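Residues per chain, in single letters:
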Amino acid sequence: GVEVLGYDEALKAAMAGRQDRAVVEAFRREQERIAAGGAADPYHHANVLGNLATALLNLANGESDTKDFFRMYRECEELTLAGLRVVPGLQHLTNTLQTCRKNLNHRIGTDTAELMHNMGKLMRDLGRFDESAEFLRRAIRERPG
């Protein structure tokens, strides 16, 4: 079965460097409890949103599947923006949002360059040299060097 952590236990684990779905799900349950009317002070609410966002960011950074990491980065972005609506200007949320956007842009750019490179090689192997050259030029534009 899947390990079930309480919020405080998950927070300690995350602060110790643990990054996994059990931590994410504990943060998600606390967020759902607050959303369902488990009145929390605004700083606790914003911190829960930020902790969930950070946990998703860490998972996304290690995820190889494009669809999965894209979804996690997007949710991270939504959560940090929601946290900033609860407590505007909270620095760790601003930092997480910037890191999330930077990492997503980097990963998408990397994936686009790799896709263009692979298409260029495929076209070359098929003897379609003009198309191959165009894909390879696009790959170089995406990731020079």
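A brief look at the structure comes next. From a predicted model like this one, the values you see are computed outputs, not experimental measurements. (Residues numbered from 1 in each chain as written. Predicted model: local features only at pLDDT ≥ 70, side-chain atom pairs only at ≥ 80, totals over all residues. Heavy atoms only, no water.)

1. With respect to helix 1 (residues 7-15)
Heads up, the condition is: Throughout this description, buried means an accessible area under 20% of the type-specific maximum (1.4 Å probe, protein chains only), exposed means over 50%, and partly exposed covers the range between. To qualify as a helix, a DSSP run of H or I must reach at least 4 residues; to qualify as a strand, a run of E must reach at least 2; elements of each kind are numbered from the N terminus. When we speak of the arc, we mean the arc of directions from the helix axis to the C-beta atoms. Only heavy atoms enter the contact rule, under which two residues are in contact if any of them lie within 4.5 Å.
Listed in full, the buried residues belonging to helix 1 are Tyr7, Ala10 and Ala13. For helix 1, the buried positions fall inside an angular range of 125° around the axis, keeping them on one side. In this structure, helix 1 carries Asp8, Lys12 and Met15 as exposed residues pointing more than 90 degrees from its buried face. For helix 1, the elements touching its buried residues are helix 2 (21-35) and helix 3 (42-62). Positioned one or two residues after helix 1, Gly17 has a phi angle of 100°, which is positive.

2. Digging into the packing of aromatic side chains
We count it as follows: When two rings of Phe, Tyr or Trp (its six-membered ring) have centres within 6.5 Å they constitute a pair, described as stacked for plane angles under 30 degrees, edge-to-face for angles over 60, and tilted for the intermediate range. Criterion for a charge above a ring: Lys NZ or Arg CZ within 6 Å of the ring centre, and within 35 degrees of the ring normal.
Counted under the stated rule, the structure contains two aromatic pairs. Aromatic side chains Phe69 and Tyr73 sit 5.8 Å apart centroid to centroid with 70° between the ring planes, which places their arrangement in the edge-to-face category. Pair noted here: Phe69 and Tyr73 are both in helix 4 (residues 66-86), with a separation of four residues, about one helical turn. Each member of the pair Phe69 and Tyr73 is classed as buried. For the cation-ring pair, Arg107 lies above Phe69, with the distance from its terminal atom to the ring centre recorded as 3.8 Å.

3. Description of the environment of Leu97
Relative to the helices and strands, Leu97 is located in helix 5 (residues 91-125). What makes Leu97 buried here is its relative accessible area of 9%. Along the primary structure Leu97 and Leu57 are separated by 40 residues, whereas in three dimensions their C-alpha atoms are 9.4 Å apart. Apart from the residues lying within four places of it in its own chain, the contact partners of Leu97 are Glu77, Thr80, Leu81 and Leu84.

4. A word on the pattern of salt bridges
Which entries qualify depends on this criterion: What makes a salt bridge here is a side-chain nitrogen of Lys or Arg within 4 Å of a carboxyl oxygen of Asp or Glu, nothing more.
Scanning the model with the defined rule gives 12 salt bridges in all. Between Arg18 and Glu3 there is a salt bridge, with the nearest N and O atoms lying 2.7 Å from each other. Of this pair, Arg18 sits in the loop between helix 1 and helix 2 while Glu3 sits in the segment before helix 1, placing them 15 residues apart in sequence. Taking relative accessible area as the criterion, Glu3 reaches 43% and is therefore assigned partly exposed.

5. Remarks on the nonpolar core
Stated precisely, the cut-off is as follows: Nonpolar core, defined: a set of buried Ala, Val, Leu, Ile, Met, Phe, Trp, Tyr and Cys residues in which side-chain atoms within 4.5 Å join the residues together.
Counting residues in each nonpolar core, the largest one holds 27 residues, and the members touching the most others are Val23, Phe27 and Tyr73. At the level of elements, helix 1, helix 2, helix 3, helix 4 and helix 5 are the ones that each hand at least two residues to this core. Per-element tally for this core: the top contributor is helix 3, with nine residues. Ignoring any residue separated from it by four or fewer positions in sequence, one finds Phe27 in contact with Tyr7, Ala10, Leu11, Ala14, Val48, Asn51, Leu52 and Ala55. Core analysis: the second largest hydrophobic core is formed by six residues, Ala46, Leu84, Val87 and Leu90 among them.

6. A word on the side chain of Glu75
Tracing the chain through its elements places Glu75 in helix 4. The buried category is assigned to Glu75, whose relative accessible area is 18%. The contacts of Glu75, once residues within four sequence positions are left out, are Arg28 and Leu56.

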